[in-house]
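Letter by letter, the chains look like this.
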Amino acid sequence: MKTFLITLLCVFFYSGFSSGADWNVSVAKYRHDKVCAISYTFDDGLAEHYTLAAPQLEQRGFRGTFFINGSKVNKDERHIKDTTRVTWPQLKEMAEKGHGWAHRNFAKFPFEVLKEDILKNDSAIYAHVGVMPRTYAYPNNTKQGEAMAFVARNRVGTRLKQRSVGSKRTARDLEKWMETLIKTGDWGVGMTHGLTYDAFGNPQRLWEHWEQVKANEDKIWVGTFREVVSYLKERDAIRLTVTEKKNKLHVVPELPLDKELFTEPLTMVVEGGTMKKVSARQGKKKLSVQLRSDKAFFDFDPFGGEIIVTIR
């Protein structure tokens, strides 16, 4: 019996099955073994994010990430200070949160001012929405100073890269972006502000882009910013210890990250020989296994203990 320590991006083989096949066990690059990933982010808490973007995303089974600066949010429908902005009750229905209270530019304010701004915004979101922000988008895309280290604390990630999906982007630009992500296996982070008045003019272009992405969802994982950044960090940090016992693989995951912050399931891939039937169990939970030619994959809890994979 042999025990193997597995780390991501290495090649690992397990022999000794009666079939004589070799088995490769790894963590998929993206959720559900997709080729690439896209996250759509929307800045500044605009009303049309609630009335237009969120319903269109939901219609296609997608979710977006909405970064807000709390000082601009309307209290509720009866207290509208700015008709272009969302209300706190509307935000409670929407996806992930972020930004700063007054949208302070990191390059123009001292650390103590930025720190107060960030904490105030986090507190407001938690008080009104009931969720503590675990991601962050840099105001004006300025990334410098000790505030960067501060804002990264107790978060799964901050938006370090982005691509405008509005403004002067043509339908072909968006199509080429999608095609490039599939070709390169990259994670694309789309960003826009308004949908009708300062970015697209006519948001139909974005809806058509989402239809193209939907048509390629066998290759593309559309996840929120938090989901994807969590997955990538967990994937890169996890270690798997694998032992072979008869027709079973015993896989023990070890993830040295904060399980209160990093809650994204990972996808395990088993490939190599001919597989007619594969089952997997983690503790008392039966895992849903998908078979694709000579590959099986399933989601698992990286903090959930030993996984037993049976191959027939």
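The following refers to the structure shown.

Parameters and conventions
- Residues numbered from 1 in each chain as written.
- Predicted model: local features only at pLDDT ≥ 70, side-chain atom pairs only at ≥ 80, totals over all residues.
- Heavy atoms only, no water.
- Axes fitted to C-alpha atoms, helices over the stretch in contact; angles between N-to-C directions.
- Helix = DSSP H or I, 4+ residues; strand = E, 2+ residues; numbered from the N terminus.
- Parallel < 35°, antiparallel > 145°, perpendicular 65-115°, else oblique.
- Left-handed = near helix turned anticlockwise from the far one by under 90°.
- Contact = heavy atoms within 4.5 Å.
- Nonpolar A, V, L, I, M, F, W, Y, C, P; charged D, E, K, R; others polar.
- Core = buried A, V, L, I, M, F, W, Y, C linked by side-chain atoms within 4.5 Å.
- Buried < 20%, exposed > 50% of the residue type's maximum accessible area, 1.4 Å probe, protein only.
- Expected span 1.5 Å × (residues − 1).
- Arc of directions from axis to C-beta.
- Pairing = 2+ DSSP bridges.

1. Concerning the packing of helix α5 (residues 171–184) against helix α6 (residues 204–215)
Consideration 1: Relative orientation of the contacting elements α5 and α6 amounts to 25 degrees, with a least axis distance of 10 Å. Here α6 runs roughly parallel to α5, going by the angle between their axes. In this structure, α5 meets α6 at a crossing whose hand is right-handed. Between α5, through A171, L174, E175, W177 and M178, and α6, the contact on the second element is made entirely by R205, H209, Q212 and V213.
Consideration 2: Looking at the contact of α5 with α6, its residues break down into five nonpolar, two polar and two charged.

2. So, the nonpolar core
Consideration 1: If you look at the biggest cluster of nonpolar residues, it comprises 40 residues, and the most contacted ones within it are W187, V270 and V309.
Consideration 2: Counting residues per element, this core draws most heavily on helix α7 (residues 225–237), at five residues.
Consideration 3: Not counting residues within four places of it along the chain, the set of residues in contact with V309 comprises N247, K248, L249, V270, V278, S279, A280 and F298.
Consideration 4: Listed in part, the 31 residues of the second largest apolar core include F42, A124, V213 and V222.

3. Things to note about α6
Consideration 1: The first and last C-alpha atoms of α6 sit 17 Å apart over twelve residues, in line with the 16 Å expected at 1.5 Å per residue.
Consideration 2: Inspection of α6 places L206, W207, H209, W210 and V213 among the buried residues, and these make up the whole buried set. Mapping the buried residues of α6 onto a view down its axis gives an arc of 160 degrees, with all of them on the same face.
Consideration 3: Packing partners of the buried residues in α6 comprise β3 (36–43), α1 (47–59), α5 and β9 (220–222).

4. Here we look at the sheet that holds strand β12 (residues 266–271)
Consideration 1: Pairing is antiparallel across the open sheet formed by four strands, whose spatial order is β2-β12-β16-β15. The strands lining the two open edges of the sheet, one partner per strand, are β2 (24–27) and β15 (290–292). Pairwise comparison of adjacent strand axes, ignoring direction, gives a mean angle of 20 degrees for this sheet.
Consideration 2: Bridging between β15 and strand β16 (residues 295–300) involves three bridges; their strand directions are antiparallel. From the neighbouring strand, R292 faces β16, where its bridge partner is K295.
Consideration 3: The strands touched by α7 are β2 and β12; relative to β12, the strand with the most contacts, the crossing angle is about 50 degrees.

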